[in-house]
Each structure stands twice: as C-alpha cells, then as structure tokens.
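# A structural walkthrough
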Amino acid sequence: MDIIANLGSGKGNGKKCLEKVKATLDARSIAYNVHETNAVGHGKQLARVISEQGSDEGAPRVIVALGGDGTFHEVLNGIDFEKARMGLIPAGRGNDFAIGTGAASLDPEIAISDIVCGKPREIDYINVSDKRCLNVAGTGLDVEVLLKTAKSKNKLTYTASLFKCLLRYKPYHVEVTANGETKGYDCIMAGVCNGTQIGGGIRLAPIAVADDGLLDIIIMEKPKRVPTVFIMPRFVKGKHMNKPYTNHFKCEHISIDTPAPLQLDGEIYYDLKFDASVQKGGVKTFASSVVK
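These figures come from a predicted structure and were not determined experimentally. (Residues numbered from 1 in each chain as written. Predicted model: local features only at pLDDT ≥ 70, side-chain atom pairs only at ≥ 80, totals over all residues. Heavy atoms only, no water.)

Helix and strand counts for the chain stand at 8 helices and 15 strands. Overall, the C-alpha framework of the chain stretches about 65 × 45 × 35 Å when taken along its three principal axes. Taking all 292 residues of the chain together, the buried fraction comes to 51%. Counted over contacts in the chain with a minimum sequence separation of 6, partners at least 24 positions apart contribute 72%. When the accessible surface of the chain is totalled, it reaches about 13500 Å², and 49% of it is carbon and sulfur. One way to put it: in the chain the 37 positive side-chain charges average out to a point 9 Å from where the 33 negative ones average out. (Helix = DSSP H or I, 4+ residues; strand = E, 2+ residues; numbered from the N terminus. Buried < 20%, exposed > 50% of the residue type's maximum accessible area, 1.4 Å probe, protein only. Contact = heavy atoms within 4.5 Å. Areas by Shrake-Rupley, 256 points an atom, 1.4 Å probe, with all protein chains shown as cover. Lys, Arg positive; Asp, Glu negative; His and termini not counted. Charge placed at Lys NZ, Arg CZ, Asp CG, Glu CD.)

Further remarks concern the environment of F72. Relative to the helices and strands, F72 resides in helix α3 (residues 69–78). Relative accessible area serves as the criterion here: at 2%, F72 is assigned to the buried category. In this structure the C-alpha to C-alpha distance between F72 and H248, which are 176 residues apart in sequence, comes to 26 Å. Not counting the four nearest positions on each side in its chain, F72 is found in contact with A65, G67, M86, L88, I89, P90 and L134.

A large share of strand β10 (residues 215–221) lies buried, amounting to 6 of its 7 residues. Summarising the sheet, strand β9 (residues 181–193) and β10 pair through 6 bridges and their orientation is antiparallel. Within β10, the residue paired with V192 across the bridge is I217. Bridge analysis of β10 against strand β11 (residues 246–251) gives 6 bridges, and the strand direction is antiparallel. Directly across from I219, in β11, lies its bridge partner N247. (Pairing = 2+ DSSP bridges.)

What follows deals with the nonpolar core. Among the nonpolar cores identified, the biggest contains 49 residues, and V128, V192, F249 and I254 are the most heavily contacted of them. Ranked by residues supplied to this core, first place goes to β9 with 7 residues. Beyond its immediate sequence surroundings of up to four residues, I254 is in contact with V176, T177, A178, V192, L215, I217, F249, F274, D275 and A276. Listed in part, the 22 residues of the second largest apolar core include A47, I63, V75 and M86. (Core = buried A, V, L, I, M, F, W, Y, C linked by side-chain atoms within 4.5 Å.)

Right, let's get into helix α5 (residues 108–117). At 3.6 residues per turn, the α-helix brings residues three or four places apart onto the same side. Listed in full, the buried residues belonging to α5 are P108, A111, I112, S113, D114 and I115. Check the buried side of α5 and you find it contacts α1 (9–27), β3 (61–67), β4 (84–90) and β15 (274–286). The N-cap residue of α5 is D107: its side-chain oxygen and the backbone nitrogen of E109 are 2.9 Å apart. (Polar contact = N/O pair within 3.5 Å; in protein donor to acceptor, adjacent residues only side chain to side chain.)

Our next topic: the sheet that holds strand β2 (residues 33–36). The 4 strands lie next to each other as β2-β1-β3-β4, forming an open sheet whose pairing is parallel. A strand with exactly one partner marks an edge of an open sheet, and here the two such strands are β2 and β4. This sheet shows a mean twist of 20° between the axes of neighbouring strands, independent of strand direction. Here strand β1 (residues 2–5) runs beside β2; their pairing, made up of 4 bridges, is parallel. Looking at the pairing, I3 lines up with V34 of β2. Sitting on the sheet, α5 touches β3 and β4, and the angle it makes with β4 is about 165°. (Axes fitted to C-alpha atoms, helices over the stretch in contact; angles between N-to-C directions.)

This part takes up the side chain of S9. Locating S9 in the fold gives a position in helix α1. In this structure S9 comes out as buried when scored by relative accessible area, which is 6%. Polar side-chain contacts of S9 include one of 2.8 Å to the backbone oxygen of N6. Once you skip the residues sitting within four places of it in the chain, S9 turns out to touch G14, G67, G68, A91 and G92.

A few words now on unusual backbone geometry. The phi torsion of most residues other than glycine is negative, and most of the peptide bonds are trans. The phi torsion at S29 lies on the positive side, around 55°, for a residue other than glycine. Mapped onto the elements, S29 comes out in the loop between α1 and β2.

Before going further, it helps to examine the packing of aromatic side chains. Throughout the structure, instances matching the rule amount to 1 aromatic pair. A cation over a ring is seen here: R85 above F286, with NZ or CZ 5.9 Å from the ring centre. (Phe/Tyr/Trp six-rings, centres within 6.5 Å; stacked < 30°, edge-to-face > 60°. Lys NZ or Arg CZ within 6 Å of the ring centre and 35° of its normal.)

Counting across every chain of the model gives 7 salt bridges. Between D2 and R61 there is a salt bridge, with the nearest N and O atoms lying 2.7 Å from each other. Of this pair, D2 sits in strand β1 while R61 sits in strand β3, placing them 59 residues apart in sequence. An identical accessibility class is assigned to D2 and R61; each is buried. For the salt bridge of R85 with E122, the shortest nitrogen-to-oxygen distance reads 3.2 Å. Taken as a pair, R85 in strand β4 and E122 in strand β5 (residues 120–128) lie far apart in primary sequence, 37 residues in all. Looking at R85, the relative accessible area reads 18%, which means it is buried. (Salt bridge = Lys/Arg side-chain N within 4 Å of Asp/Glu carboxyl O.)

So, in structure tokens, the structure goes:
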C-alpha cells in the first residue's frame, strides 16, 4: 500500500490523520509506504510513478490519497486505473466530495479500515478536455470566489467571499451544447457536477449521484426580481433547485463555450476548453462504511 499524503492539508489536519492511519496499519501489521507531497502537482507525479511500478503480486496496486479535494484531484490525474486502485482519506478543510457523496469516512481510522477491507467500488469521474475531475467542474462565480479567497490576506472563508462577490458580480454569456441541443444563457455560474457540494458545504447539486453514469448540470442565471445576493441562503442550503433562475439537467457529455477560466475540484485552469464527459465507473476505489 502506498499513501500519498499532503501533511499541510486542512491546516495541519493531514499530519494528524496520517498518524492515525499509520497506527491503524501498524496494529494490523500491514506494510505501507508514505510519500509526502511537497509542491503543487507533486501528488499527480507520485501517483503516476507508483502506478507504473505495478504490484509484486500481480493484483492492482493500492494508492491512497490523504488530503483535501485538491490532493484527491492530483492523485486522480496521475493514477493508472489499469494498474492501481485508489483509496480516499479526507483530511482537508471542506472535504466536499467525501461529505457530499459518502465516498469515504471523515474518521481516518474508519477510512483506512474500509480500504484494508478491500471491497471494491466504482465511482464516476468527469473528463474535462485532457483533465480528470472528481467532484465539480465549474466556471463563473465559483472561480472568482476561489481566486478572491486565495488572494485574501485574511483568508476569507468561501461563504464570506461568495457574499462579497455576489454584491457586484455581473452575468456573462455562455453557449451550452448538450443532449443534441445548443442554448445560450446569461449566467452567473455553470457547474458540471459529479458530487453534490463545493466550498465547504454549499450544496450546488444536492441531487447528484457519483455513480449513476450521468453528469448533473447546474446553470445559475441572475434573478429577475431580487438582488442576486438575496438568493445566497437558498443556494448554500441547496434550496435553489426549483427556482426560475436555476437550470438543471442531466447528460453524459456537455460543451460550454465560456470566456472565463475553469475550476476542477477547486483547482483553477486557464485556457482549458470546457468540454466535459462522464467516465462511468472510472474511479476504481473501495466501498465505504459511511451510509449515504
């Protein structure tokens, strides 16, 4: 077993989680290697190299991603699922994918025990051009919020930054092609969802299912009768789905022509074409004891 660990994730929670995982594995006399990430993109590089090593027993190698959704994103983009199976141990601040889908327990001892148990599970992921995305790919307001949070000297929370952005955010036009139809929207954000939530608990797509072989598309338009900021409480709680400013549909493939940068699992990409498709059962992982 190989553990790719971001010790700095969750303001140091990664280090605490790793110690608990190591203690659990030591108590069971299970061999493992720990690979600590030390830079952006290192998790992807480590996952690729470890995958290429294969397994001495001929079975798929077990590569465990320990960190936040950003760490999951890196390992997902480096792993070769023909040669390895991916374990998930949430150790970030938001842990949106794990919480929203029940893909892994937030208790590191339970999460590693589920991996050791070895009951296989397949979860979908999103292909966005040549990148993989586990949770949500988006453009618009969510990107601006992430950029504002990253640049803030006071380390604004996602929700606080969202509130500030909503006060002045202007819609922009996108062309969306899906299910054989092209339609234009003046939107404030567009999300292609495999998971249900972003930003530490904002329930963007509460109806999304991570293993149904479909993408849930959420396109938010500017409300016509109230200031945009007034929709925030409903948006955070996932109560925006039946509102006239919310467009929702399911598909297997979608192309969004947008002038804005994209975010995949909270990571910002510039000059990446927003051409997304679902990879059914693409994530070879392990069943979680979390009831969802």
